[in-house]
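Now for the letters of each chain:
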Amino acid sequence: MLALLKTVVARDLRLAMRRQADIVSALFFFIIVVSLFPLGVGPEPDLLRRLAPGVFWVAALLATMLSLPRLFADDFRDGTLEQLALTPQPLAVAVFGKTLAHWLSSGLPLTLLSPLIGMQFDLPGDAVWTLVLALAIGTPALSAIGAIGAALTLGLRGGGVLLSLLVLPLYIPVLIFGAGAVDATAGGIAAQAHLSVLAALSLGGLFFAPWATAAALRIALE
Amino acid sequence: MLALLKTVVARDLRLAMRRQADIVSALFFFIIVVSLFPLGVGPEPDLLRRLAPGVFWVAALLATMLSLPRLFADDFRDGTLEQLALTPQPLAVAVFGKTLAHWLSSGLPLTLLSPLIGMQFDLPGDAVWTLVLALAIGTPALSAIGAIGAALTLGLRGGGVLLSLLVLPLYIPVLIFGAGAVDATAGGIAAQAHLSVLAALSLGGLFFAPWATAAALRIALE
Amino acid sequence: MNNGLLNWFKFASPQSFYPLAGKMIPWFWALAAVLGAAGLYIGFFVAPTDAQQGEGYRIIFLHVPAAWMSMFIYLVMAFWAAIGLIYKTRLSGMMASALAPTGALLTFLALWTGAFWGKPMWGAWWVWDARLTSELILFFLYIGFIALQAAIDDPRRADKAGAILALVGAVNIPIIYFSVKWWNTLHQGASVSLSKSPSMATTMLWGMLLCALAFWMYSIAVALMRVRSIILERERGTEWVRQRLTSAAR
Amino acid sequence: MLEASNLECVRGERRLFAGVGFRLEAGELLSLGGANGAGKTSLLRMICGLTPPATGEIRWRDQPTNQLGAEFRAELCYLGHHNAIKEELTPLENLLTTAHLAGESLAEETALDALATVGLAGREDLPCRYLSQGQKRRVALARLVHERRALWVLDEPYVALDVAAVAMVAGLIGAHLQRGGLAVLTTHQAVALTAGTVRELRLGH
Amino acid sequence: MLEASNLECVRGERRLFAGVGFRLEAGELLSLGGANGAGKTSLLRMICGLTPPATGEIRWRDQPTNQLGAEFRAELCYLGHHNAIKEELTPLENLLTTAHLAGESLAEETALDALATVGLAGREDLPCRYLSQGQKRRVALARLVHERRALWVLDEPYVALDVAAVAMVAGLIGAHLQRGGLAVLTTHQAVALTAGTVRELRLGH
Amino acid sequence: MVWNSFSEFLAMGGYGLYVWGSVAATALVMALEPVLLARRQRTLIAQIRRQLAADGRSTGQAPRSRA
Ligand code: HEM
Ligand SMILES: Nc1ncnc2c1ncn2[C@@H]1O[C@H](COP(=O)(O)OP(=O)(O)OP(=O)(O)O)[C@@H](O)[C@H]1O
Ligand SMILES: Nc1ncnc2c1ncn2[C@@H]1O[C@H](COP(=O)(O)OP(=O)(O)OP(=O)(O)O)[C@@H](O)[C@H]1O
Ligand SMILES: [Mg+2]
Ligand SMILES: [Mg+2]
């Protein structure tokens, strides 16, 4: 079981690396989307500082979501998914592995980059740290929940947009508590409570989502 | 030449309809992104009113962009693109047709919907009308420029994110003048100048982009 | 005229350009070193203290050359890309790909030194000023170009795709620049603005010009080094590479 | 009519073939042979003008094809490894749009008749996604039933087809040759044609 | 060992087949015939447990496969119309990950040897996207060289292969049967096996 | 000469961090880039030499492309 997990993670990471541009581009997408907002809204520093937490989390949501359609689609099209479904181990294990790899190549780099962008928006130091922490804790939930959506829309043409339709509403709690944490710190309140909720969402997501995802995948394969 | 154009537009529109979810979802993506903001930023009406133009345009950019990867990818994978390249007419004509169809199924519905969302953000009446006008004039440029990016990233795995990396910087003028138009009206200034620039961008894009796109497609087919 | 064109194409062949570049590189390094030393000496030891900014302004001797070169290199890159598309010379594409990373690095330096200047002068690492923003977008354009070429592994295809992107970008840069400028001035004026002294001290100007020339020479030297690697990589199967590498010289 | 001389194909750092040439007249078929990876598909794409050859030239009615451009493409019908059909459209819709995109007008009855000929009667209105592998190939091949362009370039047309369908396609090609058409095709199966002269060309060592 | 009784397959509103049954013992091959769209692929997917049958049951070692679950899957090797290879990975990487995903360990030398057997020597490190149609199929088939699971289910394994490769794959299947393995396969080409008993089953009228 | 002492030079009138931070970044980039490029060129040449030697030994066999 662990061996399967390791193979799946290693393979998906290798694929991400092979598509070189992948990780870098997910990052830059995040940066660019975040930079679009000042261009749309105007350059006043005060306004931007207020916007920052919300903008960051929305961008993180979108960056994660953008890479979701490919999570299973390639494996589905070329028949690998059938093969995974036919291994003796439960499909959920493989799904968990793919979720993990997805987070490692989307959520993690984005988290590591966020302090830099925090500075662009002139956030105070402790708010920047809360931002990093919140992203680190919250983004796994995005990958886990996203996987369900990706599995449900698998093989449906026009899946990309449909996927976002399904997934974004589910992302809203993460968005609210994630942005809330940063807001709280910036406002001088402890972000403890927000972060705990985020952690609960992530753990719950990582635990339950793979089963739902596996079930959805089996349906797609029928 | 016109016949080819008509066939391409008709076919792409029919495909969009057939994938039912497509048009509706592009719309819903727009709505959801726009609705996410109040959640991330907080509910003060004044703040939201100031944000509205920027947020709308960013959402429009993202919604357009989200459907770009599919613009040529399906045709490429199943061999239709080769067939198009082998028609006696210049490939740019077919590209123009596809661009048009893309706009009809992404930019146009979004424009038609925008007054509703403008009201949600409590925009004044004339600002709403400027918003609709700006979207109607500006979104064709998004489709045209996006097509270049879609063609360049064709067949490259990890294309979706790479695509946004290429295209979003090029979208910035549209974003700025689009949001600027609404801002100006909301601030009591005439939006004439902004709208003229938008129109110039769209016309220029629709005229020149298909050639660049066709060249990029031929490269992808080699 | 025809003859001249032929001559030109002779040097445009990777085979004859490779040794030529090898011979030119040391000269450009020497020029870069001399000009750089002179410029920095003037900048850091001769130029007087600025009335408003104190010593902090000395960042200008790195910042402005980096900013100028970052924009200039993009134009040169687009130029080579166009030549490559039109005349189908192999070397042009290689030149364009050799320039891109250097351009991106100089853009990065302009951003970095700008940020390190902005913090003491404006109190913020970053503000959404027109010039800053368009430099950031230029950085994205470079990264996009590099990422696109990295994603394509057939070099000829990468060249052509990159060329199209570079040209589209070159058309867009002025549009972007002016739109960003307009954007910024239409809103309430930026809360901070550059405090440029109307007439810069001539020593300052000299220091800056010398540094800019040094950056220029550096860019050429580095680009030539990179283009040599690229030539070798792409022509590794050919007879001239075989001969060159099996004979003692390198 | 179709003539190629001294063609060379380079993929990556590998030279697939060099010095390949042939001449094809009206009513003749060129059957391309060769092992997997010998470069058959690459050669077909060169003939169509999708990939430029490393060296050499391809001539149609004694003019280089890359100069003829649109004129040449108007006489060409290419069918690749991929079926070029849309999974969400029905066979009928697919056939009609393919024809329209190629700049031809095709009446609905003609299209229905073509689909019946390739054995898809009763499936005309089922989205292609539900079709079996062989049925999808048949949708792509239905185009040939009423195709009157001079040069057919077919990449493994018989793949995934059952025995009856193979015979049917061979019949279509035979009729095309008899009408004075030209065809270039690749296949790994030995299929007898009903008419026309067959020239063989084997790529690879 | 493998037994199916009274299987029925319904797709959309169409009943593809009904009352299909067979019994297969060690060393036997079931060759599924039938026209395009007769339901061969559908039947194979039923055997694997990917699609549940409308009625009927499939038994493996006298137990229903849907109850056996993982135990049955551990003895099964399925190869579909699609190759299940990643275009950006090399043949070597593809083969290794396929094996690992299936829960087997495969040494690199063994994998290289398998690739050489299917005629991909020299292409081990070229991303699969550059391979020809037949070479891609060979990458997928390389898995069979060292596969020792009892039941092979192969959907048109010979498609896109050249003559030499078809013989090679037929040899692999023959060896598998001789070792006491079972196989179910579909094909439209008549291919002689080197060993084993062949049972035929034709779907459709 | 505008400086009275070395420490004054380092302090840059209180802007030391910023000025030297910029200088350091520039120096780092401008030193690293050519060094990395030179190394790339060296390894590349060694690689091609190895490949040529291998080809010389086993002529006729297609070299395994893409090291
Ligand atoms: C990240 C921040 C910054 C960026 C991206 C940036 C970018 C640029 C660019 C692109 C130029 C060349 C533009 C032109 O010549 O038209 C430039 C020039 C210049 N910058 Fe900056 N800059 C930044 C911060 C600063 C700061 C903080 C200052 C001073 C307080 C400054 C002072 C100057 C000066 C004096 C020039 C020369 C202007 C001229 O001669 O035209 N920059 N910068
Ligand atoms: N970048 C590359 N480097 C090395 N070899 C390459 C590269 N790209 C393609 N090839 C080789 O070029 C050949 C392409 O062959 P092509 O698709 O024309 O074969 P084919 O004769 O149609 O084969 P099939 O019968 O399998 O369809 C393959 O052998 C492939 O390995
Ligand atoms: N929703 C549906 N409505 C009607 N018929 C359907 C539907 N879905 C599938 N079919 C039919 O079911 C059959 C599926 O057949 P399958 O793929 O099993 O064929 P096959 O025997 O493998 O054929 P081939 O030799 O072409 O691979 C096809 O005839 C198809 O038309
Ligand atoms: Mg082929
Ligand atoms: Mg089948």
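Predicted, not measured: the structure shown is a model, and the values here were computed from it.

**Structural notes on the overall build of chain F**
Item 1. Along its length, chain F carries two helices and zero strands.
Item 2. With 67 residues in all, chain F has 31% of them scored as buried.
Item 3. Accessible surface, chain F: about 4,200 Å² in total, of which carbon and sulfur atoms supply 62%.

**A word on the coordination of the magnesium ion (ligand 4)**
Residues and elements named next belong to chain D.
Item 1. The coordination sphere of the magnesium ion (ligand 4), as far as protein atoms go, consists of Thr41 (OG1) and His81 (NE2), spread over 1.9 to 2.4 Å. Placement of Thr41 in helix H1 (residues 40-48) and of His81 in the loop between strand S6 (76-79) and helix H4 (91-101) is noted, with a sequence separation of 40 residues between them.
Item 2. The class for Thr41 is partly exposed, based on a relative accessible area of 24%.

**Quick look at the UniProt feature "transmembrane region" (unreviewed entry) in chain A**
All names here are of chain A.
Item 1. Here, the residues flagged by UniProt with the feature "transmembrane region" (unreviewed entry) are residues 21-42, 54-72, 128-154, 161-182 and 194-221.
Item 2. The span residues 128-154 shows a helical share of 93% and a strand share of 0%, and its end C-alpha atoms are spaced 37 Å apart.
Item 3. Between the C-alpha atoms that bound residues 194-221 there is a distance of 39 Å. The span itself is 100% helix and 0% strand.

**Considerations on the pattern of salt bridges**
Item 1. Tallied over the full model, the rule gives 40 salt bridges over all chains.
Item 2. A salt bridge links Glu44(B) to Arg50(A); its shortest N-O distance comes to 2.4 Å. Here Arg50(A) lies in helix H3 (residues 45-67) and Glu44(B) lies in the loop between helix H2 (21-41) and helix H3 (45-66), a pairing that spans two chains.
Item 3. Glu44(B) sits in the partly exposed class, given a relative accessible area of 34%.
Item 4. Of the charged contacts, one joins Glu3(D) and Arg23(D) as a salt bridge, the two residues approaching to 2.8 Å between their closest N and O atoms. A residue pair is termed long-range when its members are at least 10 positions apart, and Glu3(D) in strand S1 (residues 2-11) and Arg23(D) in strand S2 (residues 14-24) qualify at 20 residues.
Item 5. What emerges from the salt-bridge pattern is a single network uniting Asp75(B), Asp78(B), Lys98(B) and Lys86(D).

**Overview of helix H7 (residues 107-120) of chain A**
Residues and elements named next belong to chain A.
Item 1. The end-to-end C-alpha distance of H7 is 20 Å, a good match for the 20 Å that 14 residues give at a rise of 1.5 Å each.
Item 2. Burial in H7 covers these residues: Gly107, Pro109, Leu110, Thr111, Leu113, Ser114, Ile117, Gly118 and Gln120.
Item 3. One or two residues past the end of H7 sits Asp122, with phi positive at roughly 60 degrees.

**A word on the site of ligand 1**
Residues and elements named next belong to chain C.
Item 1. Within the structure, ligand 1 sits among 19 residues, and His63, Trp68, Trp117, Gly118 and Glu135 are positioned closest to it.
Item 2. His63 has a polar side-chain atom sitting 2.8 Å from a nitrogen atom of ligand 1.
Item 3. The side chain of Trp68 places a nitrogen or oxygen atom 3.0 Å from an oxygen atom of ligand 1.
Item 4. Every element with two or more residues in the shell around ligand 1 is listed here: helix H3 (60-87), helix H4 (90-122) and helix H5 (130-151).
Item 5. Here the shell around ligand 1 gets seven residues from one element, more than from any other, and that element is H4.

**Let's talk about the packing of helix H4 (residues 70-77) of chain A against helix H6 (residues 91-105) of chain A**
Residues and elements named next belong to chain A.
Item 1. Contact pair H4 / H6: the axes reach a minimum separation of 11 Å and the direction vectors enclose 130 degrees. The angle between H4 and H6 falls in the class oblique. Contacts from Leu71, Phe72 and Asp75 in H4 reach Val95, Lys98 and His102 in H6.

**Considering the UniProt feature "transmembrane region" (unreviewed entry) in chain F**
Item 1. According to UniProt, the "transmembrane region" (unreviewed entry) feature falls on residues 12-32 of chain F.
Item 2. Its end C-alpha atoms 26 Å apart, residues 12-32 of chain F is made of 81% helix and 0% strand.

**Quick look at the sheet that holds strand S2 (residues 14-24) of chain E**
All names here are of chain E.
Item 1. Across the sheet, four strands lie side by side as S2-S1-S4-S5; this open sheet has antiparallel pairing. In this open sheet, the two strands that pair with only one neighbour each are S2 and strand S5 (63-64).
Item 2. Examined bridge by bridge, strand S1 (residues 2-11) and strand S4 (residues 55-60) share five bridges and lie antiparallel to one another. Within S4, the residue paired with Ala4 across the bridge is Ile58.

**A closer look at the site of ligand 2**
Item 1. In the vicinity of ligand 2 there are 23 residues, among which Lys40(D), Thr41(D), Ser42(D), Arg123(E) and Ser132(E) approach most closely.
Item 2. What surrounds ligand 2 is not a single chain but chains D and E.
Item 3. Measuring from an oxygen atom of ligand 2, one finds a side-chain N or O atom of Arg123(E) at 2.6 Å.
Item 4. Between Ser132(E) and ligand 2, the recorded distance is 2.5 Å, taken from a side-chain N or O atom to an oxygen atom.
Item 5. Burial of ligand 2 by the surrounding chains reaches 95%, relative to a free accessible area of 660 Å².
Item 6. Breaking the shell around ligand 2 down by element, the ones donating at least two residues are S2 and H1 of chain D together with helix H6 (133-142) of chain E.

**Looking at a nonpolar patch on the surface**
Residue and element names in this part refer to chain C.
Item 1. On the surface, Trp68, Met71, Leu205, Trp206 and Leu209 cluster together into a nonpolar patch covering about 520 Å² of accessible area.
Item 2. When residues of the nonpolar patch are traced back to their parent elements, those giving at least two are H3 and helix H7 (202-234).
Item 3. Along the chain, the position of Trp206 falls in helix H7.
Item 4. Given a relative accessible area of 54%, Trp206 falls into the exposed group.

**With respect to the state of the cysteines**
All names here are of chain D.
Item 1. Enumeration over the complete set of coordinates arrives at zero disulfides over all chains.
Item 2. In this structure Cys9 is a free cysteine whose sulfur lies 14 Å from that of Cys48, the closest cysteine sulfur available.
Item 3. Cys77 takes part in no disulfide bond, and the closest cysteine sulfur to it belongs to Cys48, at a distance of 9.1 Å.

**Structural notes on the environment of Phe121(A)**
Item 1. Structurally, Phe121(A) can be placed in the loop between H7 and helix H8 (125-152).
Item 2. What makes Phe121(A) buried here is its relative accessible area of 1%.
Item 3. Along the chain, Phe121(A) and Val174(A) lie 53 residues apart, while their C-alpha atoms are 21 Å from each other.
Item 4. Ignoring any residue separated from it by four or fewer positions in sequence, one finds Phe121(A) in contact with Val34(A), Pro38(A), Leu48(A), Arg49(A), Ala52(A), Phe56(A) and Trp128(C).

**Topic: unusual backbone geometry**
Item 1. Backbone geometry places Asn6(D), a non-glycine residue, at a positive phi of 55 degrees.
Item 2. One can find Asn6(D) in strand S1.

**A look at the nonpolar core**
Item 1. Core analysis: the biggest nonpolar cluster contains 315 residues, and Trp57(A) and Trp57(B) have the highest contact counts within it.
Item 2. A per-element tally of this core places helix H9 (residues 159-186) of chain B first, with 17 residues.
Item 3. Counting 35 residues, the second-largest nonpolar core is a separate cluster that includes Ile85(E), Ala111(E), Ala114(E) and Leu177(E).

Rules behind the numbers
Residues numbered from 1 in each chain as written. Chains lettered and ligands numbered in written order. Predicted model: local features only at pLDDT ≥ 70, side-chain atom pairs only at ≥ 80, totals over all residues. Heavy atoms only, no water. Helix = DSSP H or I, 4+ residues; strand = E, 2+ residues; numbered from the N terminus. Buried < 20%, exposed > 50% of the residue type's maximum accessible area, 1.4 Å probe, protein only. Areas by Shrake-Rupley, 256 points an atom, 1.4 Å probe, with all protein chains shown as cover. Donors = N, O, S within 2.8 Å, 3.2 Å for Na, K, Ca; no water. UniProt positions renumbered as here; feature names shortened; annotations may be inferred. Salt bridge = Lys/Arg side-chain N within 4 Å of Asp/Glu carboxyl O. Expected span 1.5 Å × (residues − 1). Near = heavy atom within 4 Å. Polar contact = N/O pair within 3.5 Å; in protein donor to acceptor, adjacent residues only side chain to side chain. Axes fitted to C-alpha atoms, helices over the stretch in contact; angles between N-to-C directions. Parallel < 35°, antiparallel > 145°, perpendicular 65-115°, else oblique. Contact = heavy atoms within 4.5 Å. Pairing = 2+ DSSP bridges. Patch = residues over 30% accessible without salt bridge, like charges linked within 9 Å, V, L, I, M, F, W, Y side chains within 5 Å. Disulfide = S-S within 2.5 Å. Core = buried A, V, L, I, M, F, W, Y, C linked by side-chain atoms within 4.5 Å.

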